[in-house]
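# Chain and residue survey
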Amino acid sequence: MPGAMRILQVSAEIFPLLKTGGLADVAGALPMALAAEGQDVRVLLPGFPAILEKLSDARPIGGIVAPWGARAELKLGRVALADGVAMPAYVIDAPDYYGRPGNPYENPQREPYGDNHLRFALLSFAAARVAQGIDADWQPQVVHAHDWHAGLVPAYIAFERGSSNGAGAGAGAATVFTVHNLAYQGLFPRTHFDALGLPPSAFDVNGLEFYGQLSFMKAGLYYADRLTTVSPTYAREIQTPEQGFGLDGLLKSRSSQLTGILNAVDDGVWNPAVDTLLPQAFDVRKPAGKARCKALLQEELGLALRDDAPLFVVVSRLTEQKGLHLVLDALDALVTAGGQLALLGSGDGWLEQAFVERAARSPRAISVTIGYNEPLAHRLFGAGDVTIVPSLFEPCGLTQMYGLKYGSLPLVRRVGGLADTVTDCSLENMADGTATGFVFDEFRSEEFTRALRRAFALHARPADWRRVRAAAMRRPADWRHAAAHYLNVYKEALP
Ligand code: ADP
Ligand code: GLC
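Small disclaimer: the values here were computed from a predicted structure and weren't measured. Here, residues in each chain are numbered from 1, in the same order as that chain's written sequence. Chains carry letters from A onward and ligands carry numbers from 1 onward, assigned in written order. For this predicted model, a pLDDT threshold of at least 70 governs which residues receive local features, and a threshold of 80 or more governs which side-chain atom pairs are given and counted, while totals over whole chains, interfaces and linings are taken from all residues. Neither water nor hydrogens contribute to the side-chain values; these are computed over all heavy atoms in the structure.

Grid spacing is 1 Å over the protein atoms alone, the probe is 1.4 Å, and a cavity is where that probe fits but cannot get out, while a pocket is an open set with protein on both sides within 12 Å along at least five of seven lines and lining residues have an atom within 4 Å of a point. Grid points are joined across faces, edges and corners, and a volume is the space filled by probe spheres set on the points. Enumeration over the complete set of coordinates arrives at two cavities of 30 Å³ or more. There is about 70 Å³ of room inside the largest cavity. If you go around the largest cavity, the residues you meet are F15, D25, V26, A29, A264, V265, D266, V269, W270, L398, Y402 and W479. Of all the elements, helix α1 (residues 22-36) adds the most residues to the lining of the largest cavity, at three residues. The residue classification treats Ala, Val, Leu, Ile, Met, Phe, Trp, Tyr, Cys and Pro as nonpolar and Asp, Glu, Lys and Arg as charged. All others, Gly included, are polar. Counted by class, the lining of the largest cavity contains 10 nonpolar, no polar and two charged residues. The way it works is that DSSP assigns letters per residue, a run of H or I at least four long becomes a helix, a run of E at least two long becomes a strand, and they are numbered from the N terminus.

See below:
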């Protein structure tokens, strides 16, 4: 590929092989978009069972001995991403570390694995080996690491460049680190530091030390040549004490090297015109099929078969971040006003239980499905009138973008990527045709309820509703655009 940039992407999950959240969607879509632009892209993944199972044409590339003595085999093969595109993939075969089915980070009791520091240090260490040329046929110019799981990538590579403090360019690949969620930092006790094989100088406030612990996230933020996060608003927010999780000072000092690049929607996976997971396809010119999707979903979930009842949907991890207790507080009002709620999610036990109990009292108006179910998520966006995302914080958020595309108008809080993707139905936005959803500011039940009332008010005006829905469905969310931004960042990162 003459003229192409050689890019290695490192992530712990990737759609459609293994997914716990939006990170996987992005990790699957971005390399495809870069490859479609003619770039020479490969991915590096831990050899979790779900990934090894799907690795085709695998051949051994070399053995890896981690600083703490662990041995792994690096394989190169291909993984089929969405649309059947075969992406070259390095996979770390290390059954002692990755040979655990299910969630990649937690045991079945939902506790983080006790050796996560080693499991993910191994991922980063392997990335540095690839950068160093363990595969004689291919050496990346840029290594792009995602979230704390790959946070040590820039550290290992920086110290290999030979400088004693990890700073400064030299031989070896340039590094780009992307924050998908600053709330998850990969913090470990100091006692684990020695095993990692990094020089003692790395355990420093100018390094990966964070209040006496070691922070994989901070390693990424400190040592990477360039930083990105997943929306322009979140890029600003994480430089403030309110949303910086203690890392705002560092982020602020690196402000000129930090870019917010808005996530996009993978058209091969999320497109109501061709989505085979929907009972009936529809698009902005022929939205009629959406009514059928709604009727069939109401039937499937045991909701009252009412076309006139606005159907609110939630597809979410049930955690503090997502702000769903605001929905709980407003459920009586929602039902009294004649609305319906269909929720799909899993997470914190108390939230799961609260939603399940509330649904049991109004089974014809509220449906709650606990679990993880990709096809049902598609059916929910296809059927929904409104997608609720009232997050406390939200780096980007993908479900509101799926809601836009599927004509299920987002009701969101003005924070992070939600603020960058949804335009409120204020009179002026309605007048100039930019309105695409419902946006509230303060993280309070009254504010949420007011936005809910706006949704009901608009729903009572079908012509206006259709106009807003058409604007929502037309909103561009193309990965090509985002990939072009990443490419610029990669170019800046090169020495
Ligand atoms: P986050 O990554 O913080 O969880 P995002 O909105 O970026 O939030 O991405 C969430 C992704 O996970 C979306 O693709 C969404 O459809 C999916 N998702 C979340 N919960 C579920 C669930 N219970 N079942 C199926 N898909 C889910
Ligand atoms: C994280 C964030 C979410 C973002 C996703 C993909 O999980 O919580 O807001 O959309 O990563 O970047």
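The subject of this paragraph is the site of ligand 1. Around ligand 1 there are 21 residues in total, and K19, G22, D25, R317 and L398 lie nearest to it. Between an oxygen atom of ligand 1 and a side-chain N or O atom of K19, the distance comes to 2.8 Å. At 2.6 Å, a side-chain N or O of D25 approaches an oxygen atom of ligand 1. Here the accessible surface of atoms and residues is derived via Shrake-Rupley with a 1.4 Å probe, and residues count as covered only by protein chains that are part of the display. A total of 560 Å² of accessible area belongs to ligand 1 in isolation, and the protein chains cover 93% of it. Elements with a minimum of two residues in the shell around ligand 1: α1, β13 (311-318), β14 (340-347), α12 (374-383) and α13 (399-405). Residues are counted as near a molecule or strand when any one of their heavy atoms sits within 4 Å of it. Each polar contact in these results corresponds to two N or O atoms within 3.5 Å; when the atoms are within protein, one needs to be able to donate a hydrogen and the other to accept it, and residues that are neighboring in sequence are counted only if both atoms are side-chain atoms.

Another aspect to go through is the pairing of strand β7 (residues 174-179). Accessible area is worked out with a 1.4 Å probe on protein chains only. A residue is then buried under 20% of its type maximum, exposed over 50%, and partly exposed in between. Along β7, six of the six residues are buried, which leaves the element largely enclosed by surrounding structure. The two faces of β7 match: A174, V176 and T178 on one face and T175, F177 and V179 on the other face are all buried. Bridging between strand β6 (residues 142-146) and β7 involves five bridges; their strand directions are parallel. Directly across from V142, in β7, lies its bridge partner A174. The pairing criterion for strands is at least two bridges between them, as found by DSSP. Two elements, β7 and strand β11 (residues 226-229), share four bridges in a ladder whose sense is parallel. Pairing of F177 across the sheet is with L227, part of β11.

On to the confidence of the model for the protein chain, then. Detailed reading of the predicted coordinates is not advisable wherever pLDDT falls low. In the predicted model, the protein chain carries a mean pLDDT of 96, and the fraction of residues at 70 or more is 98%. Counting contacts from residues 164-170, a segment whose pLDDT is below 50, to residues more than four positions away or on other chains yields 12 contacts. Per-residue confidence from the predictor is given as pLDDT, running between 0 and 100. What makes two residues a contact is simply this: any of their non-hydrogen atoms within 4.5 Å.

Glancing now at helix α5 (residues 152-160). Residues separated by three or four positions in an α-helix point in the same direction, a consequence of the helix having 3.6 residues per turn. For α5, the tally of buried residues reaches eight of nine residues, placing the bulk of the element in the interior. Taken together, the buried positions of α5 are L152, V153, P154, A155, Y156, I157, A158 and F159.

Quick look at the side chain of K405 now. Structurally, K405 can be placed in helix α13. Overall, the relative accessible area of 17% leaves K405 in the buried class. A polar contact is formed between the side chain of K405 and the side chain of D267, at a distance of 2.3 Å. Excluding residues that lie within four positions of it along the chain, K405 makes contacts with V265, D267, W270, N271, P272, A472 and M473.

Turning our eyes to something else, we now look at the packing of helix α10 (residues 325-336) against helix α11 (residues 349-361). Between two packed helices, the angle of one axis relative to the other and the distance separating the axes together describe the packing. Lines fitted to C-alpha atoms define the axes here, with helix axes fitted over just the stretch in contact, and angles between the N-to-C directions of these axes take values from 0 to 180 degrees. Put simply, α10 and α11 touch, their axes get as near as 10 Å, and they point 5° apart. Between α10 and α11, the angle is such that the two are roughly parallel. On α11, the residues that touch H325, V327, L328, L331, D332 and V335 of α10 are W350, L351, A354, F355 and R358. Here the angle decides the label: under 35 degrees means roughly parallel, over 145 means roughly antiparallel, 65 to 115 means roughly perpendicular, and every other value means oblique.

Near ligand 2, the surroundings consist of 14 residues, among which H180, N263, E394, C396 and G397 are the closest. Interatomic distance of 3.0 Å between a backbone N/O atom of C396 and an oxygen atom of ligand 2. At 2.8 Å, a backbone N or O of G397 approaches an oxygen atom of ligand 2. Protein contact buries 93% of the 310 Å² of open area that ligand 2 shows by itself. The biggest single contributor to the shell around ligand 2 is α1, with three residues. Its residues assigned to classes, the shell around ligand 2 shows six nonpolar, six polar and two charged.

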